[in-house]
Amino acid sequence: MTMNYDGYIGFKKTMNYNAMLADLEPKWREIFVRAQTYANLNGIDRDFANERLGELFDMLVTAQSEDKPVNRITGGNPERFCKELFSDYDLKERFKAFPKKLFYTAFLVLDFALIILVGKCRGFSDIPEQTIPMSGFILGFALSFVFELINIVFITPRMLKSHNIVWWKRTSTLIYSAVLIAFVFADFKYNFVDPLETPAWIVAIVSGSISLVYLLVRSIWRYKNFGTVRNEKGRLEREVYERSTNDGFAEEKILREWSAKYETLSKNGEVTEQSFIETAKKDIERKRKHNYLYYLLFAVLYGAFVIGNTFDPDQTADAITLLLGAVVMGFVYYCIFLMTAKKAFITNDNRKRLIAECEKSGETLPAFVVRKMGLKEKCTS
Amino acid sequence: MDNSQLLKGILEGCVLGIISKGETYGYEILDKLQQAGFDDIGEGTLYPVLSRLDKNGDIVCRKARSPLGPVRKYYSITEQGKGNYVEFKKRYRAVCASAEKLLADD
């Protein structure tokens, strides 16, 4: 039986294993979740763990399909199995993952510091007066870590044998994020502990410096290894991954979309087999504009939210502060934009690539779709 | 006496030997090891070995979709790996010959 993982695979090259777990029988699922739990408890870097868990998953699916005994994979000792599976995650690997984690944390703190500085300052003279209660961050991270520990040790093992494991994995991630954000903001308002007020400019400089150093070192490393500061390794891996695994925004989904659309339009006599490619091209252009409009709207809403919550309409800011504010807000928005918009634009790029491939092959688009998907049923009129 | 130290010494060479015969993947490698009598080898032992061989440059891997759906890593040997495998076989035979001599005296 070939399992269909469409929609199970997330944006990044790491797989959404949690959704795939539903395809494993309980005895195999238990091995996978045990290994995953081991990785989480031992602080193994997500990319490293997912690489290894991906291989484990393939092996479990194959062993399950051949109806092999479980100890064929675990060697009879599940605890030792988990330890061995990640035995090469040594100090060097752990050390390699630390800068990335530090960067993400510093970047998050920098965003908060900049929003406070830009939102509350009316001029440069106001900057030294603005402070950030650091206790909120410390409390938020500590409490969410405690929650995650309780989840991994007590709750997840109880979900192992039930199909709710997939639902719980998604829900627990949301709860974890909500706990973190809620306690950060709640502590800002209610001061559960000593606020540890720290000048915002110091927080911004320290977190900004950490972020800049990380980005600089990463750029130098990439240039040294790939001849470019762009994430070539990540881009190439993603390309290979998308093409080989039919990622949620790679070929198969697009081909299915065109197949369904052609079926509907041709039945209504709106397109012919030869003209369908022009319809698809117009769709691509329409989606491109739609994506930009959507994120422009998001920018307006985001800007309104930030301005509404930070700027005091009774006071006027000098031009430099306003400009600085615009630049900072734009930068933060751009980062959010990068995180959320990439998927939509990449999907459209994939559509363009497939259209180019179709034109090069000389086939009509419906015939191209059939060939690519290996469909047996006729897709042409 | 614990077999694990003995196994550690030869496992990389054995895995390299399996891969030298043609492109293969983790489950198949494990299968061949177990067919050869390495019953104690589990997947947990195998993947760190593959990772080390990959880092050393003895093997390369490519990702592709398996027939059952998940992403699978396919491993093949490099020129360096072929050279190291030949060296391993020489050293292994030399060690075995010495050990046989010693044990035969008992």
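The model shown is predicted, which means the values in this text are computed figures rather than measured ones. Counting restarts for each chain, with residues numbered from 1 along the sequence as it is written. Whichever chain is written first is A, and whichever ligand is written first is 1; the rest continue in order. Given that this is a predicted model, residues contribute local features only at a pLDDT of at least 70 and side-chain atom pairs are listed and counted only at 80 or more, while totals for whole chains, interfaces and linings are drawn from all residues. The side-chain figures draw on all heavy atoms in the structure; neither hydrogens nor water molecules are used.

Along the backbone of chain B there are four helices and three strands. Its helices and strands in sequence order give chain B the pattern α-β-α-α-β-β-α, from N to C terminus. When a residue's accessible area, from a 1.4 Å probe over protein chains only, is under 20% of the maximum for its type it is buried; when over 50% it is exposed; and in between it is partly exposed. Burial statistics for chain B: of 106 residues in total, 42% are counted as buried. Long-range contacts, defined as pairs at least 24 residues apart, comprise 50% of the intrachain contacts of chain B with a sequence gap of at least 6. Helix and strand labels come from DSSP, where a helix needs a run of H or I of at least four residues and a strand needs a run of E of at least two; each type is numbered from the N terminus. Any pair of residues with heavy atoms lying within 4.5 Å of one another is described as a contacting pair.

Another aspect to go through is the pairing of strand β3 (residues 71-77) of chain B. Across a regular strand the side chains alternate sides, sitting on one face of the sheet and then on the other. Residues and elements named next belong to chain B. The buried fraction of β3 amounts to six of the seven residues, a majority that puts the element mostly inside the structure. Both strand β1 (residues 24-25) and β3 contribute to a ladder of two bridges, which runs antiparallel. By the bridge assignment for β3, Y25 is matched with Y74. Of the pairings in the sheet, the one linking strand β2 (residues 59-65) to β3 comprises seven bridges and is antiparallel in character. Following the sheet pairing, A64 is matched in β3 by R72. A pair of strands is labelled paired if DSSP reports no fewer than 2 bridges between them.

All right, on to the confidence of the model for chain A then. Residue and element names in this part refer to chain A. As a per-residue measure, pLDDT reflects the predictor's confidence and takes values from 0 up to 100. Taken as a whole, chain A shows an average pLDDT of 72; of its residues, 62% reach a score of 70 or greater. Segment residues 1-15 is flagged for pLDDT under 50; beyond a separation of four residues in sequence, or across chains, it makes 51 contacts in the model. Here residues 375-381 is modelled with pLDDT under 50, and outside its nearest four sequence neighbours on either side it reaches 12 contacts, counting other chains as well.

With that settled, the discussion passes to the sheet that holds β1(B). All names here are of chain B. If you walk across this open sheet you meet the three strands as β1-β3-β2, and the pairing is antiparallel. Of all the strands in the sheet, just β1 and β2 have a single pairing partner and so form its edges. Fitted lines through C-alpha atoms serve as axes, helices being fitted only where they are in contact, and the angles separating the N-to-C directions of these axes extend from 0 to 180 degrees. In the packing of helix α3 (residues 43-56) onto the sheet, the strands contacted are β2 and β3, and the crossing angle to β2 comes to about 120 degrees.

What follows concerns the nonpolar core. Here the nonpolar core consists of buried residues drawn from Ala, Val, Leu, Ile, Met, Phe, Trp, Tyr and Cys, with membership extended through side-chain atoms lying within 4.5 Å. By size, the foremost hydrophobic cluster in this structure holds 47 residues, and its most contacted members are A:L56, A:I73, A:F86, B:V15, B:I29, B:L33 and B:L50. Of the residues forming this core, the biggest block, nine residues, is contributed by helix α3 (residues 46-65) of chain A. Those residues in contact with B:I29 that sit more than four places away from it in its chain are B:V15, B:I18, B:I19, B:T24, B:L46, B:L50 and B:Y75. Residues A:Y262, A:L265, A:I277 and A:V369 belong to the second largest nonpolar core, which totals 17 residues.

Here we come to a nonpolar patch on the surface. Residue and element names in this part refer to chain A. Surface patches are defined over residues having more than 30% relative accessible area and no salt bridge, joining like charges when they lie within 9 Å and nonpolar side chains (Val, Leu, Ile, Met, Phe, Trp, Tyr) when within 5 Å. For the area figures, the Shrake-Rupley method with a 1.4 Å probe applies, and any residue is considered shielded solely by the protein chains shown. Here a salt bridge means any side-chain nitrogen of Lys or Arg lying within 4 Å of a carboxyl oxygen belonging to Asp or Glu. Together, L41, F145, V146, L149, I150, V153 and F154 make up a nonpolar patch on the protein surface, roughly 620 Å² of accessible area in all. With six residues, helix α7 (residues 135-159) is the largest single contributor of residues to the nonpolar patch. With respect to the helices and strands, the residue L149 is situated in helix α7.

Packing of α3(A) against helix α2 (residues 26-35) of chain B leaves a shortest axis separation of 9 Å and a crossing angle of 60 degrees. With respect to α2(B), the axis of α3(A) lies oblique. For the pair α3(A) and α2(B), contact is made by A:M59, A:T62 and A:A63 and by B:G26, B:Y27 and B:L30, respectively. Working definition: roughly parallel below 35 degrees, roughly antiparallel above 145 degrees, roughly perpendicular at 65 to 115 degrees, and oblique for all remaining angles.

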